[in-house]
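Coordinates in review
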Amino acid sequence: MEINGARVLVAGATGVLGGALTAELVDRGARPALAGRDRARLARAAEVCKDAPTVLFDAYAPESCARAVARAADALGGLDAVVTVFGTVAFGGATAVGDEVAEHVMAVNVLAPAAFFRAALATMEPGSMIVAFTGVVAERPQAGMADYSASKAALTAWLAAVRREARTAGIRVLEVRPGHLDTGFADRAVVGTAPPLPAGGDPRDVVRAVAEAMAADAELLRTAPDGTPVVERRAR
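Residues numbered from 1 in each chain as written. Predicted model: local features only at pLDDT ≥ 70, side-chain atom pairs only at ≥ 80, totals over all residues. Heavy atoms only, no water.

Two elements in contact, helix α4 (residues 99-121) and helix α5 (residues 146-167), have axes separated by 8 Å at closest approach and are oriented at 15 degrees. Viewed along their axes, α4 and α5 adopt a mutual orientation that is roughly parallel. In this structure, the crossing between α4 and α5 has a hand that is right-handed. From α4, Ala102, Val105, Met106, Asn109, Val110, Pro113, Ala114, Phe117, Arg118 and Leu121 reach across to α5, where they touch Asp147, Tyr148, Ala150, Ser151, Lys152, Ala154, Leu155, Trp158, Leu159, Val162 and Ala166. (Axes fitted to C-alpha atoms, helices over the stretch in contact; angles between N-to-C directions. Helix = DSSP H or I, 4+ residues; strand = E, 2+ residues; numbered from the N terminus. Parallel < 35°, antiparallel > 145°, perpendicular 65-115°, else oblique. Left-handed = near helix turned anticlockwise from the far one by under 90°. Contact = heavy atoms within 4.5 Å.)

This next bit is on the pattern of salt bridges. Using the criterion set out here, one finds 13 salt bridges in the structure. Its salt-bridge partner being Glu24, residue Arg28 comes within 2.7 Å of it at the nearest N-O pair. Judged by its relative accessible area of 30%, Arg28 falls in the partly exposed class. On the basis of relative accessibility, which here comes to 15%, the residue Glu24 falls in the buried class. A salt bridge links Asp205 to Arg208, with the nearest nitrogen and oxygen atoms 2.4 Å apart. Placement of both Asp205 and Arg208 in helix α6 (residues 203-215) is noted, with a separation of three residues, approximately one turn of the helix. Judged by relative accessible area, Asp205 falls into the partly exposed class, the value being 34%. A single salt-bridge network, built from bridges that share partners, covers Arg163, Arg167, Arg172, Glu219 and Arg234. (Salt bridge = Lys/Arg side-chain N within 4 Å of Asp/Glu carboxyl O. Buried < 20%, exposed > 50% of the residue type's maximum accessible area, 1.4 Å probe, protein only.)

Our next topic: the nonpolar core. Counting residues in hydrophobic clusters, the biggest one holds 34 residues, and the most contacted among them are Leu25, Phe133, Val210 and Met214. Elements that contribute at least two residues to this core include exactly β1 (7-11), α1 (16-27), α2 (39-48), β4 (81-84), β5 (129-133), β6 (172-177) and α6. Within the second largest apolar cluster, 32 residues are counted, among which are Cys65, Leu79, Phe117 and Ala119. (Core = buried A, V, L, I, M, F, W, Y, C linked by side-chain atoms within 4.5 Å.)

Spanning 22 residues, α5 covers 32 Å between terminal C-alpha atoms, matching the ideal 32 Å at 1.5 Å per step. Asp147, Tyr148, Ser149, Ser151, Lys152, Leu155, Thr156, Leu159, Val162, Arg163 and Ala166 are the residues of α5 that are buried. Buried residues along α5 sit in contact with α4, β5 and β6. (Expected span 1.5 Å × (residues − 1).)

Turning our eyes to something else, we now look at the side chain of Ser128. Note that Ser128 resides in the loop between α4 and β5. At a separation of 2.8 Å, a polar atom in the side chain of Ser128 contacts the main-chain carbonyl oxygen of Glu125. Dropping the residues within four chain positions of it, Ser128 is found in contact with Leu79, Asp80, Gly170, Ile171 and Arg172. (Polar contact = N/O pair within 3.5 Å; in protein donor to acceptor, adjacent residues only side chain to side chain.)

Across a sheet, paired strands are connected by hydrogen bonds in the backbone, their directions being either parallel or antiparallel. Pairing in this open sheet of eight strands is mixed, and the strands run β3-β2-β1-β4-β5-β6-β7-β8 from one edge to the other. One side of each edge strand has no neighbouring strand; the edge strands of this open sheet are β3 (54-56) and β8 (229-232). Mean inter-strand twist for the sheet, computed between neighbouring axes without regard to direction, equals 15 degrees. One ladder, built from three bridges, connects β6 with strand β7 (residues 220-223); its direction is parallel. (Pairing = 2+ DSSP bridges.)

Within β1, five of the five residues are buried, leaving the element largely enclosed by the surrounding structure. Alternating residues of β1 divide into Arg7, Leu9 and Ala11 and Val8 and Val10, and every residue in both groups is buried. Taking the sense of rotation as the criterion, the β-α-β connection linking β1, α1 and strand β2 (residues 31-36) turns out right-handed. One ladder, built from four bridges, connects β1 with β4; its direction is parallel. Of the residues in β4, the one forming a bridge with Ala11 is Thr84. (Right-handed = clockwise from strand over helix to strand, strands pointing away.)

The next subject is unusual backbone geometry. In this model, Lys50 sits at a positive phi of 60 degrees, which is unusual for a non-glycine residue. You can see Lys50 is positioned in the loop between α2 and β3. One non-glycine residue with positive phi stands out, namely Asp51, at about 60 degrees. Counting through the fold element by element, Asp51 comes out in the loop between α2 and β3. Owing to a relative accessible area of 64%, Asp51 belongs among the exposed residues under this scheme.

This is the structure we're talking about:
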């Protein structure tokens, strides 16, 4: 897809990674709409993005995710891409993380992105794209992160099935599966404390690669063992 002039909804635009991605897309000429849960932070982000339209959503309320897509499409006159860059994490053994926390993690990391994409796929034209951030734990689940790993693996499976459905409509599905990044995400766990982690990668490297993957109509962006982003035209 052509990034210059593309109408892109970034859900999670007020976060570290979402903000970096929004800035990268704007630098390449995209027209963003910003979605988040904090009105004040959205307003500040919009100022940086030349007064981009903003929409509120609550990741624990799927209907608000669908409304955010509709309102962004109205504001921009349509959508060429919808990107979800939000999530939550919980740390602790499988017997220590309670059912309520596990439900929350699944709702935020799986059901909310799916709600955004369901709404987008119902209205998008051929040549459009949906983009979801999952994580390396989707393919390599980690002890002490069972529910988090399961949520990311579930979203990966959902995307793989939807990718096959969307191809017939000419819509691409890009999964971004980075390793640990230096965004402070692990320090904001809903419960538990992060285990020792390697040094996080630079999110700017990832968002540059995401923009390039979008332009190439790729299906998967993963991280190589040395931390280098790798763009794959076809997901495995």
